[in-house]
Amino acid sequence: THLEREEAPVAANRNSDFTQGVEGDGEPSSIIYVDNLPFATSNQDLIDLFGTIDTVSKAEVKYNEVGRAAGAGVVEYVNEPSAAAAIESLNGYNYGGRDLKVTYAKRP
């Protein structure tokens, strides 16, 4: 029944290869790391926000070990100048009541 389906355990969210182990404060590249995001932020929210700078190739929210939003995300632009512009424009930007920390991504 409908009720039984709702009670089934929901699969925990997992980091993809794109977000797994990624941190901030990396070397300049086309990929940025966004920290201090509201926990309700979705992948689409990242695309909408960072798409105000330039076209976003990919954007994903990071999850912690129990599958909850980690308050961070990884955003990829087509080129490094767009990533630089995003850092310049959105680092310190108040989004959902939180001041974002936007730096270049550091891949594992």
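If you're wondering where the values come from, they're calculated on a predicted model, not measured in any experiment.

## Remarks on the overall build of the chain
So, point 1. Looking only at helices and strands, the chain has three helices and six strands in total.
So, point 2. Helices (α) and strands (β) of the chain occur, in sequence order from the N terminus, as α-β-α-β-β-α-β-β-β.
So, point 3. For the chain, restricting intrachain contacts to residue pairs at least 6 apart in sequence, the fraction spanning at least 24 positions comes to 68%.
So, point 4. Of the roughly 6400 Å² of accessible surface on the chain, a fraction of 48% belongs to carbon and sulfur atoms.

## Concerning the confidence of the model for the chain
So, point 1. Per-residue confidence for the chain gives a mean pLDDT of 91, with 90% of residues at or over 70.
So, point 2. This model gives residues 1–8 a pLDDT under 50, and the stretch forms zero contacts once residues within four places in sequence are excluded.

## Notes on the sheet that holds strand β2 (residues 56–63)
So, point 1. Reading across from one edge, β2-β3-β1-β6 is the order of the four strands in this open sheet, with antiparallel pairing throughout. In this open sheet, the two strands that pair with only one neighbour each are β2 and β6 (101–104). Taken over all neighbouring pairs, the strand axes of this sheet differ in orientation by 20° on average, direction set aside.
So, point 2. The pairing of β2 with strand β3 (residues 69–77) spans six bridges and is antiparallel. Bridged to V56 within β3 is Y77.
So, point 3. The strands that helix α2 (residues 43–50) touches are β1 (31–35), β2, β3 and β6; relative to β2, the one it contacts most, it runs at about 135°.
So, point 4. Helix α3 (residues 80–90) rests against β1, β3 and β6 of the sheet, and its axis sits at about 155° to β6.

## Examining α2
So, point 1. Buried within α2 we find L46, L49 and F50. Buried residues in α2, looked at end-on, bunch into an arc of 85°, giving them a common side.
So, point 2. Close packing links the buried residues of α2 with β1, β2, β3, α3, β4 (94–95) and β6.

## Topic: the environment of I87
So, point 1. Counting through the fold element by element, I87 comes out in helix α3.
So, point 2. Sequence separation between I87 and L100 is 13 residues, and the spatial gap between their C-alpha atoms is 9.9 Å.
So, point 3. Among all residues touching I87, those that are not within four sequence positions of it are I32, V102, T103 and Y104.

## Comments concerning the nonpolar core
So, point 1. In this structure, I32, V34, F50, V75, Y77 and V102 are the most contacted members of the largest nonpolar core, which totals 18 residues.
So, point 2. Element by element, the count of residues in this core is highest for α3, at four residues.
So, point 3. Among residues more than four places away in sequence, those in contact with F50 are I32, V34, V56, V75, Y77, A86, L90, L100 and V102.
So, point 4. Grouped together as the second largest cluster of nonpolar side chains are seven residues, F18, Y33, A72 and V74 included.

About the criteria used
Residues numbered from 1 in each chain as written. Predicted model: local features only at pLDDT ≥ 70, side-chain atom pairs only at ≥ 80, totals over all residues. Heavy atoms only, no water. Helix = DSSP H or I, 4+ residues; strand = E, 2+ residues; numbered from the N terminus. Contact = heavy atoms within 4.5 Å. Areas by Shrake-Rupley, 256 points an atom, 1.4 Å probe, with all protein chains shown as cover. pLDDT = per-residue confidence, 0-100. Pairing = 2+ DSSP bridges. Axes fitted to C-alpha atoms, helices over the stretch in contact; angles between N-to-C directions. Buried < 20%, exposed > 50% of the residue type's maximum accessible area, 1.4 Å probe, protein only. Arc of directions from axis to C-beta. Core = buried A, V, L, I, M, F, W, Y, C linked by side-chain atoms within 4.5 Å.

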